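This is what each chain is made of:
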Amino acid sequence: MMADGEIDLHPTYFECVTAMAFLLFRARAVEMAVMEVGLGGRLDATNVIVPELCVITPVDYDHQNFLGDRIEQIATEKAGILKRGVPAVFARQSVAVMHVLEKRAVELRVPCERADDAHISELDITARGSTFLLDEERVACPLAGEHQVENATVAALALRRLGYSAGGIS
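The paragraphs below set out a description of the structure included in this document.

Rules of the game
- Residues numbered from 1 in each chain as written.
- Predicted model: local features only at pLDDT ≥ 70, side-chain atom pairs only at ≥ 80, totals over all residues.
- Heavy atoms only, no water.
- Helix = DSSP H or I, 4+ residues; strand = E, 2+ residues; numbered from the N terminus.
- Buried < 20%, exposed > 50% of the residue type's maximum accessible area, 1.4 Å probe, protein only.
- Contact = heavy atoms within 4.5 Å.
- Areas by Shrake-Rupley, 256 points an atom, 1.4 Å probe, with all protein chains shown as cover.
- Expected span 1.5 Å × (residues − 1).
- Core = buried A, V, L, I, M, F, W, Y, C linked by side-chain atoms within 4.5 Å.
- Pairing = 2+ DSSP bridges.
- Axes fitted to C-alpha atoms, helices over the stretch in contact; angles between N-to-C directions.
- Salt bridge = Lys/Arg side-chain N within 4 Å of Asp/Glu carboxyl O.
- Patch = residues over 30% accessible without salt bridge, like charges linked within 9 Å, V, L, I, M, F, W, Y side chains within 5 Å.

Description of the overall build of the chain
- Broken down by element type, the chain carries five helices and six strands.
- If you list the helices and strands of the chain from N to C, you get α-β-α-α-β-α-β-β-β-β-α.
- If one aligns the C-alpha atoms of the chain with their principal axes, the spans along those axes are about 60 × 40 × 35 Å.
- Burial analysis of the chain (170 residues in total) assigns 34% to the buried set.
- Taking contacts inside the chain between residues at least 6 apart in sequence as the whole, the part at least 24 apart equals 53%.
- For the chain, the exposed area adds up to about 10,700 Å²; of that, 55% sits on carbon and sulfur atoms.

Listed below in structure tokens is the structure:
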């Protein structure tokens, strides 16, 4: 591609691995795959697909040399994964980040679910993981740490949005 002038620079390692994954998925006739972004956002190698669902985990100061120095700039780049009309699930975010994500979601007519809006009860956290009710559905997360409750909540909301049971997380 470089020799033919189709690209200016050699693809990064992540871009090459992502392309290999796409080829493997096609060769194996994969019906559904969960793709995690690299940098995340507008310029990410995974951003060439149109997903069934977008999930944005907590946005923080990372990859600042590519995404920007201010949290609003980083959030704007991360919101670049959102596609017109494709549903999204947002993890709990700072007010500044959520403002950016929701503004972009409105622009693209993206139906959103927010972990902030989830009703969690009967939370039990142990050294071996946690269990809780998400609305009326029991979720069991075998990963230790209070932060894993947030991760399991986002995963459960994503599963629900795709038509699966949130109680299937374990």
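Quick notes on helix H5 (residues 147-161)
- Under the 1.5 Å per step criterion, the end-to-end length of H5 is 22 Å for 15 residues, consistent within 8% with the ideal 21 Å.
- Along H5, the positions that sit buried rather than exposed are Gln 148, Val 149, Glu 150, Ala 152, Thr 153, Val 154, Ala 156, Leu 157 and Ala 158.
- Here the buried face of H5 lies against strand E1 (54-56), strand E2 (88-90), strand E3 (112-114), strand E4 (120-126), strand E5 (129-134) and strand E6 (137-141).
- Two residues or fewer past H5, Gly 163 is found with a positive phi of approximately 95 degrees.

Describing the nonpolar core
- Of all hydrophobic cores here, the largest spans 20 residues; its most connected members are Ile 56, Val 59, Leu 82 and Phe 90.
- At five residues, the largest contribution of residues to this core is made by helix H4 (residues 95-107).
- In this structure Phe 90 touches Ile 56, Leu 82, Met 98, Leu 101, Glu 102, Ala 105, Cys 112, Glu 113, Arg 114 and Ala 115, once residues within four positions along its chain are discounted.
- In this structure, Val 89, Ala 115, Phe 132 and Ala 158 belong to the second largest nonpolar core, which totals 16 residues.

With respect to the sheet that holds E1
- Read across the open sheet, the three strands follow the order E1-E2-E3; overall the sheet is parallel. Of all strands in the sheet, those bounded by a partner on one side alone are E1 and E3. Averaged over all adjacent pairs, the angle separating strand axes in this sheet is 15 degrees, with direction ignored.
- When E2 meets E3, the two strands line up parallel, connected through three bridges. Across the sheet, residue Val 89 finds its bridge partner in E3, namely Glu 113.
- With respect to the sheet, H4 is in contact with E1, E2 and E3, its orientation differing from that of E2 by roughly 170 degrees.

Some remarks on unusual backbone geometry
- Its identity as a non-glycine residue notwithstanding, Ala 29 has a phi of 55 degrees, on the positive side.
- Here Ala 29 shows up in the loop between helix H1 (13-27) and E1.
- Backbone geometry places His 63, a non-glycine residue, at a positive phi of 50 degrees.
- Mapped onto the secondary structure, His 63 falls in the loop between E1 and helix H2 (64-67).
- Residue His 63 is classed as partly exposed on the basis of its relative accessible area, which comes to 34%.

Some words on the pattern of salt bridges
- A complete count under the given rule lists 13 salt bridges for this structure.
- Between Lys 78 and Asp 62 there is a salt bridge whose closest N-O contact spans 3.6 Å. One end of the pair, Lys 78, is in helix H3 (residues 71-78); the other, Asp 62, is in the loop between E1 and H2, and 16 residues separate them in sequence.
- Note on Lys 78: relative accessible area 13%, which makes it buried.
- Overall, Asp 62 belongs to the partly exposed group, its relative accessible area being 28%.

Re a nonpolar patch on the surface
- A surface patch of nonpolar side chains, amounting to about 350 Å² of accessible area, comprises Tyr 13, Val 17 and Met 20.
- Mapped onto the fold, Met 20 is located in helix H1.
- On the accessibility criterion, Met 20 (52% relative accessible area) is exposed.

These figures capture arrangement, not role.
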